[in-house]
Each structure stands twice: as C-alpha cells, then as structure tokens.
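# Commentary on secondary and tertiary structure
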Amino acid sequence: VLSGCIDTGDSDDTDIDTGGAGGGGGPATVERISFNGLVADGYLAGAKVCLDLNENKKCDVDEPSTTSGAGGAFEITEATQAQRDAFPLLVEVVVGSTVDEDTITDDLPDGAVATKPLTLSAPVGYEFISPLTTMVQNEVEGGATADVAEAAVQEKLGTTLDLDSDYIAGQTGANSDEYEQLHQVAQVTAIVISDNLVKLEDAAEENNISLDDLISAIVDEVFAALEEITEQVEEIAQDDEQEFDPDSLATEVDEELVDLEPDTIDDVVDLNNAQDNAVEAN
C-alpha cells in the first residue's frame, strides 16, 4: 500500500506545476513554450515585457518576462500554454533605458532614452502591444469581451483595421494613410498616459491607490477623449500648413479633455471601482 505513495524523484528536464497562477489544482508536468511579439508607440527597444499573471500592472520577478530589442521585437520563453491563454501582456517602459525608435534622427542615431514611465498592455492572445491595445485591455478589465472591447476602440478611431496588427509596418502597404493615423493617435495617447502617471504618482501613493487602479483611471479618461483626439489628428493631416507634433497635441488634449488632478484622483478611482463592481455583479 505504501509503495504506491512513494515518489522516486526522477523528473528529467520537465517542470512541475504546483498550481498557482495559470495552473491546475495539483502537481502536474508542464511544458514551457516560447512566443514572439512587438511593442510599439513607435517601436520600443529596451522595454520590459511580461505575462501579467497577477494582473497588478507590474512585471514581477516570478512572471515570464523578457526585454524588447530593436524594432520592438520580443520573445518570451518561460511561459506555459495555460498562462499564455489566460493572462494579458504587459510592457513597462524603463526610464533611462527604453528607446522609442520614433526619436531616431540623423542627429540622434541611437534615439532618445525614456525620461518618463509608461505602462502598456494587450489582451490575451495579442502579439502587438501599443497604447491602442492598452485601451482594448482596459475595456476587457471593465467587463467587455475582447471582441466587443476592440470594436469599441475601433469605433472611436474610425477604423476597421485590426488593432493587433503592426501600424508601423502597415504604413508601407495598403491602407498606409489609415495606419499612419493610428500610429499618430498612439503617439499622442502614449504621451498623455505617461504625463498623467508622473503627475498623479505622489497623490496615488498618499491615497494608497494601486498602480492598477491609477492606470485604469488614466486610460479611462484617454478612451473617453479618443474620438476627439482622432479628429484632431485627421485635421492636421488634411492641413498642408500644419505639421504633426505629438507633444503639443498631447499637451492640448491633457489640458482640454483629460480631467485628472492629484486632489481628486482618489474620488475618480473610487467611482471607477464602484462601477466595475456593479458590472461584475450584473
């Protein structure tokens, strides 16, 4: 009887899954997989990419992760298929290290390193992570399915293009103008998200607001303004005398369309959480 309970300990090169995030209910042999993707505002090199297993908007040390390379390319090699099928992708821009390849010029051939933090995400199964997919994931977290969430973002962008597709590479083929517009909207929204993370981080800490809740509040505001941001980008494209400047447009958007301030962020987060709880209850 006892011999049936004895484990000889021979495991070769397999991994043992004892449950936890993405696992089952008990010990099991699991196979590790690898998968590739791209990170962009412009392509982001030197950004941290992970599967956010506890969905706290941070790449924790025990989560499958990697660092993006040139062209925003990344490969995660230590995940399980169950994790890939269940958890969103997360990107952390590393201040002083990550380079947005949109900043590469003749005078700055290596590009400029990031001076402000930025967190991006994408729904389960996506291979392209951008500010646009971050809004899709935020809608998913609010209770929508991935298809419904993407359709909602597409409607505000005035596009039917797949948001899991590379809008930078897309500018060299069919629908090039439309892909360029998506890229420009992504540039503006990335700056707005980043600027508000910096502006609100001290107030969030003082009010014990989690990073997850803070990012959700910011992305909610950006999503609400997305249709008007898209219209402003279109107007600039149609005006031969105007040059697209994502920084100045982002400043204008932040001042006129995004209503987030340090002294009221706790009220905004409380309201968002109450709405999310109501949706979950329904």
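Now for a quick tour of the structure. A quick note: this is a predicted structure, and the numbers were derived from the prediction, not measured.

## A look at the overall build of the chain
Per the secondary structure count, the chain includes seven helices and 11 strands. By residue count, 43% of the 282 residues in the chain fall in the buried class. Sequence-distant contacts in the chain: of pairs separated by 6 or more residues, those separated by 24 or more amount to 66%. By element, 45% of the accessible surface of the chain is carried by carbon and sulfur atoms, the whole surface being about 14500 Å².

## Points about unusual backbone geometry
In the Ramachandran plot, E55 falls in the positive-phi region, its phi being about 50° despite a non-glycine side chain. Counting through the fold element by element, E55 comes out in the loop between β5 (48–51) and β6 (65–67). Taking relative accessible area as the criterion, E55 reaches 39% and is therefore assigned partly exposed. A positive phi angle, near 60°, is found at N175, a position not held by glycine. As for its placement among the helices and strands, N175 is situated in the loop between α3 (146–157) and α4 (176–206).

## Let's talk about the sheet that holds strand β7 (residues 73–80)
Read from one edge of the open sheet, three strands run β7-β3-β11, paired in mixed fashion. Since the sheet does not close on itself, it has two edges, and those belong to β7 and β11 (128–129), each with one partner.

## With respect to a negative patch on the surface
A surface patch of negative charge is lined by E155, E227, E228, E231, E235, E252, E255 and E256. Elements with a minimum of two residues in the negative patch: α5 (211–238) and α6 (246–256). Element by element, the count of residues in the negative patch is highest for α5, at four residues. Along the chain, E155 turns up in helix α3. The exposure class assigned to E155 is exposed, which follows from its relative accessible area of 67%.

## Focus: the sheet that holds strand β8 (residues 89–93)
Overall, antiparallel pairing links the four strands, which are arranged β6-β5-β8-β10 in an open sheet. At either margin of the open sheet sits one strand with a lone partner, and together these are β6 and β10 (118–122). In this sheet, adjacent strand axes meet at a mean angle of 20° when their direction is disregarded.

## A look at the nonpolar core
Core analysis: the biggest nonpolar cluster contains 69 residues, and I129, L132, Y167 and I265 have the highest contact counts within it. The dominant element in this core, judged by the number of residues it contributes, is α4, at 13 residues. Excluding its chain neighbours within four sequence positions, the residues that come into contact with I129 are L38, V39, A40, V49, F74, L89, V91, L120, S121 and A122.

## With respect to the side chain of S165
By secondary structure assignment, the location of S165 is in the loop between α3 and α4. A polar contact of 2.4 Å, which involves the side chain of S165, links it to the backbone oxygen of D162. The residues contacting S165, other than those within four sequence positions of it, are F128 and Y179.

## With respect to the packing of α3 against α5
Put simply, α3 and α5 touch, their axes get as near as 7 Å, and they point 35° apart. Mapping the contact onto sequence places A152, V153, K156 and L157 in α3 and F223, A224, L226, E227 and T230 in α5. Classifying every residue of the contact of α3 with α5 by side-chain character gives six nonpolar, one polar and two charged.

## Observations regarding the environment of T159
Among the structural elements, T159 can be located in the loop between α3 and α4. With 19 residues separating them in the primary sequence, T159 and E178 have C-alpha atoms 7.7 Å apart. Leaving out residues up to four positions away in the same chain, T159 has contacts with Q154, E178 and L182. Within the structure, T159 has its side chain in polar contact with the backbone nitrogen of L161 (distance 3.0 Å).

## Comments concerning α3
Taking 1.5 Å of rise per residue, the 12 residues of α3 would be expected to cover 16 Å, and the 16 Å separating its terminal C-alpha atoms lies within 8% of that figure. Within α3, burial applies to A149, E150, V153, Q154 and L157. Burial along α3 is one-sided: seen end-on, the buried residues are contained in an arc of 135°. Facing away from the buried side of α3, by more than 90 degrees, are the exposed residues D147, V148 and E155. On its buried side, α3 packs onto α2 (131–141), α4 and α5.

## Some points on the pairing of β8
Counting buried positions along β8 yields four of five residues, so the element is predominantly enclosed. The pairing of β5 with β8 spans four bridges and is antiparallel. When the bridges of β8 are listed, C50 appears paired with L90.

Rules behind the numbers
- Residues numbered from 1 in each chain as written.
- Predicted model: local features only at pLDDT ≥ 70, side-chain atom pairs only at ≥ 80, totals over all residues.
- Heavy atoms only, no water.
- Helix = DSSP H or I, 4+ residues; strand = E, 2+ residues; numbered from the N terminus.
- Buried < 20%, exposed > 50% of the residue type's maximum accessible area, 1.4 Å probe, protein only.
- Contact = heavy atoms within 4.5 Å.
- Areas by Shrake-Rupley, 256 points an atom, 1.4 Å probe, with all protein chains shown as cover.
- Pairing = 2+ DSSP bridges.
- Patch = residues over 30% accessible without salt bridge, like charges linked within 9 Å, V, L, I, M, F, W, Y side chains within 5 Å.
- Salt bridge = Lys/Arg side-chain N within 4 Å of Asp/Glu carboxyl O.
- Lys, Arg positive; Asp, Glu negative; His and termini not counted.
- Charge placed at Lys NZ, Arg CZ, Asp CG, Glu CD.
- Axes fitted to C-alpha atoms, helices over the stretch in contact; angles between N-to-C directions.
- Core = buried A, V, L, I, M, F, W, Y, C linked by side-chain atoms within 4.5 Å.
- Polar contact = N/O pair within 3.5 Å; in protein donor to acceptor, adjacent residues only side chain to side chain.
- Nonpolar A, V, L, I, M, F, W, Y, C, P; charged D, E, K, R; others polar.
- Expected span 1.5 Å × (residues − 1).
- Arc of directions from axis to C-beta.

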